[in-house]
Amino acid sequence: MTSTATSCDTGTLTFVGEFVRRPMAVASLTPSGRALSQRVIAPVPSSGDPVVVELGPGTGSFTRMIQSQLAGRGRHIAVDVNERFTALLGDRFPGVDVLTADARHLPATLAGLGLENADVIVSGLPWAAFRRPLQREVLDAVVASLSPGGAFTTFAYVHARWTSPARHFRRALEERFDEVVVGRTVWANLPPALVYHCRRPLS
């Protein structure tokens, strides 16, 4: 067995274990697939030195692709409240600033790193599992942390799109961003998902 395969197996087992322990916090039995990851990290630029923040990175499905896109440029910060995930990510991705922190405190977290804002924020957080006040607090932190021309991407599972928390989340996005575009359904993901592409945070 190759080291890559071992790494993937370890990540999957960790993810499944955390889902069993905290199903509402993890929200899916399996990590996001490659097709979904490609759509979510699309705003990460291929040139320059951007600051990219990843919220709820889990075991690193998006992290790996962001690192590939950056190719050593800019700054990549991954923030998760789950210490098991951050410990795993810290070992896997030494080029990433991996922090165990609450997304609601993102502005203070960035300030602690000497950063004023981020150019791109990518989220793997389980929004439909959050109560409305928590959704709003985290989104407010995202808006406060983005540069004026910044981009925010996140995703939702298709089967949960019409639930009350999901509908509220969509409205909350539209209240906070000048542009909110819903991408095509990624049927190749398990479960199928769609991506929200948000630009130009409203002050």
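Scroll up to find the structure.
What you see as residue numbers is a count from 1 along each chain, following the sequence as written. Only residues with pLDDT of at least 70 are given local features in this predicted model, and only at 80 or more are side-chain atom pairs given and counted; all residues enter the totals for whole chains, interfaces and linings. As a rule here, side-chain values cover all heavy atoms of the structure and leave hydrogens and water aside.

Enquirer: Is there a simple way to think about the sheet that holds strand S7 (residues 193-201) in this case?
Expert: Each strand in a sheet pairs with its neighbour through backbone hydrogen bonds, running either in the same direction (parallel) or in the opposite one (antiparallel). Taken together, seven strands build an open sheet; the order of strands is S3-S2-S1-S4-S5-S7-S6 and the sheet is mixed. Of all strands in the sheet, those bounded by a partner on one side alone are strand S3 (97-100) and strand S6 (177-182). Averaged over all adjacent pairs, the angle separating strand axes in this sheet is 15°, with direction ignored. Strands pair, by our definition, only if DSSP identifies at least two bridges between them. We count a stretch as a helix when DSSP gives it H or I for four or more residues in a row; a strand needs E for two or more, and each element gets its number in order from the N terminus. Alignment of strand S1 (residues 51-55) against strand S4 (residues 118-123), held across four bridges, turns out to be parallel. Each axis is a line fitted through C-alpha atoms, and for a helix only the stretch in contact is used; angles between axes span 0 to 180 degrees, taken between their N-to-C directions.

Enquirer: Would you mind going over the packing of aromatic side chains with me for this structure?
Expert: Two aromatic rings are characterised by how far apart their centres lie and by the angle between their planes. The pairing test for Phe, Tyr and Trp rings, Trp by its six-membered ring, is centres within 6.5 Å, and the orientation test on the planes gives stacked under 30 degrees, edge-to-face over 60, and tilted for anything in between. Counted according to the given criterion, the structure contains seven aromatic pairs. Considering the side-chain rings of Trp-127 and Phe-169, the 4.5 Å spacing of their centres and the 20° angle between planes classify their relative orientation as stacked. You can see Trp-127 sitting in the loop between S4 and helix H7 (132-145) and its partner Phe-169 sitting in helix H8 (residues 164-176), a full 42 residues away along the chain. Consider the rings of Phe-155 and Tyr-157, whose centres lie 5.4 Å apart with planes at 75°: the pair is edge-to-face. Just as Phe-155 is buried, Tyr-157 falls in that class too. Three labels apply to residues, based on accessible area from a 1.4 Å probe with only protein chains included: buried if under 20% of the type maximum, exposed if over 50%, partly exposed otherwise in between.

Enquirer: Hey, could you run me through unusual backbone geometry in this one?
Expert: Most of the time, phi is negative for any residue but glycine, and the peptide bond is trans. Following Leu-190, the chain continues into Pro-191 via a peptide bond in cis, with omega recorded as -5°. With respect to the element layout, Pro-191 can be found in the loop between S6 and S7. For Ala-71, which is not a glycine, the phi torsion comes out positive at approximately 50°. With respect to the secondary-structure elements, Ala-71 resides in the loop between helix H4 (61-70) and strand S2 (75-80).

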